[in-house]
Amino acid sequence: MGCASLMGPDIKPGIALFEEGKYGASLAHYETIIEAGKANAKVYRLAYESAFKAGKRITAGKYYKEAIKAGFEADSLISLATNLWYDRALSTMGGNNWTEARKAASQIADLADGSNQDKFCSLVLAGKKKFDRGAHKGLWDAISDYSKAANYDKSSGLPYFLMGQARYKNNRTDYDAALEDYYEAIRIEPSGAFVKQAKADIKKIETVKKKMNAFWGK
């Protein structure tokens, strides 16, 4: 018992479950420790991440506060939270869930105002607003916003996917420019949340391009 007390609670099962993508089960393990009154700052931090990944945001927020209260290093926790919200922003933007994307971006702004993640999200959301309005100049401005966003995250293909959409909406005969952006998006991030839609858009544009080329004898 003395050795167990010195070593602290057994977090290994929770970590293993998390690594397997079983976030709910991972959270349940940590909550067993918490309910037994044996939690320390690290347990609360791990519970926060598991709850967030399991989609339990209110529970996650509770454990975030408990981790801080228990003495977990604030800057490290803020960095973790920023990255978690940024991953959510990317997945919801790529999945065309802009309501949730705006919520995630707002959290990022609160946690890390002026960070690369914050600038990326702000530019993408600004571009999306102009895209939705659909005006010719606004679509060019949207492309400009997306292009700037790409500079803040070289590992994300999302800006190129959005540029492809904007180019095609702006000029439905400029197939190649739109296709170039779509293919670049998939090249950069082949498993991105936007990829299914990108492939559907590519198929549609290439079909139209083929028909028009046949019509004009090209």
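Before reading on, note that the structure itself is shown above.
Residues numbered from 1 in each chain as written. Predicted model: local features only at pLDDT ≥ 70, side-chain atom pairs only at ≥ 80, totals over all residues. Heavy atoms only, no water.

**Some details on the overall build of the protein**
Basically, it comes down to this: Runs of H or I in DSSP of at least four residues are treated as helices and runs of E of at least two as strands, each being numbered from the N terminus. When we talk radius of gyration, it's over C-alpha atoms, and the globule rule is simply 2.2 Å times the number of residues to the 0.38.
On a plain count of helices and strands, the protein comes out with 12 helices and 0 strands. In the protein, the succession of helices and strands from N to C terminus is α-α-α-α-α-α-α-α-α-α-α-α. For a compact globule of 218 residues, the expected C-alpha radius of gyration is about 17 Å, and the protein comes in at 22 Å, more than 25% above that figure. With respect to the principal axes defined by its C-alpha atoms, the protein has extents near 85 × 30 × 25 Å.

**Regarding the pattern of salt bridges**
Spelled out, the test is: We define a salt bridge as a contact between a side-chain nitrogen of Lys or Arg and a carboxyl oxygen of Asp or Glu at a distance within 4 Å.
One pass over the structure, following the stated rule, counts 11 salt bridges. Residue lysine 137 is joined to aspartate 141 by a salt bridge in which the shortest nitrogen-to-oxygen separation is 2.8 Å. Of this pair, lysine 137 and aspartate 141 both sit in helix α9 (residues 136-150), 4 residues apart, which is roughly one turn of the helix. Through salt bridges with shared partners, a single ionic network connects Arg88, Glu100 and Lys103.

**Some points on the side chain of threonine 92**
Stated precisely, the cut-off is as follows: N or O atoms within 3.5 Å of each other form a polar contact, as long as, within protein, one can give a hydrogen and the other can take it, and as long as residues adjacent in sequence are counted only when both atoms are side-chain atoms. The contact definition used throughout considers only heavy atoms, calling two residues in contact when any of these lie within 4.5 Å.
Along the chain, threonine 92 turns up in helix α6 (residues 74-94). For threonine 92, the side chain forms a polar contact with the main-chain oxygen of arginine 88, separated by 2.7 Å. Among all residues touching threonine 92, those that are not within four sequence positions of it are Asn97, Glu100 and Ala101.

**A word on the side chain of aspartate 145**
Note the cut-off: Relative accessibility under 20% of the residue-type maximum defines a buried residue, over 50% an exposed one, and the middle range a partly exposed one, all with a 1.4 Å probe and only protein chains included.
Relative to the helices and strands, aspartate 145 resides in helix α9. Residue aspartate 145 is classed as buried on the basis of its relative accessible area, which comes to 7%. Reaching out from aspartate 145, the side chain makes a polar contact with the backbone nitrogen of glycine 127 at a distance of 3.5 Å. Among residues more than four places away in sequence, those in contact with aspartate 145 are Leu123, Ala126, Gly127 and Lys130.

**Overview of the nonpolar core**
Defined as follows: Among the buried residues, those of types Ala, Val, Leu, Ile, Met, Phe, Trp, Tyr and Cys that are joined through side-chain atoms within 4.5 Å form a nonpolar core.
Counting residues in each nonpolar core, the largest one holds 60 residues, and the members touching the most others are Tyr48 and Met93. Ranked by residue count, the leading element in this core is α6, at 9 residues. Once you skip the residues sitting within four places of it in the chain, tyrosine 48 turns out to touch Ala60, Tyr63, Tyr64, Leu77, Leu80, Ala81, Leu84 and Trp85.

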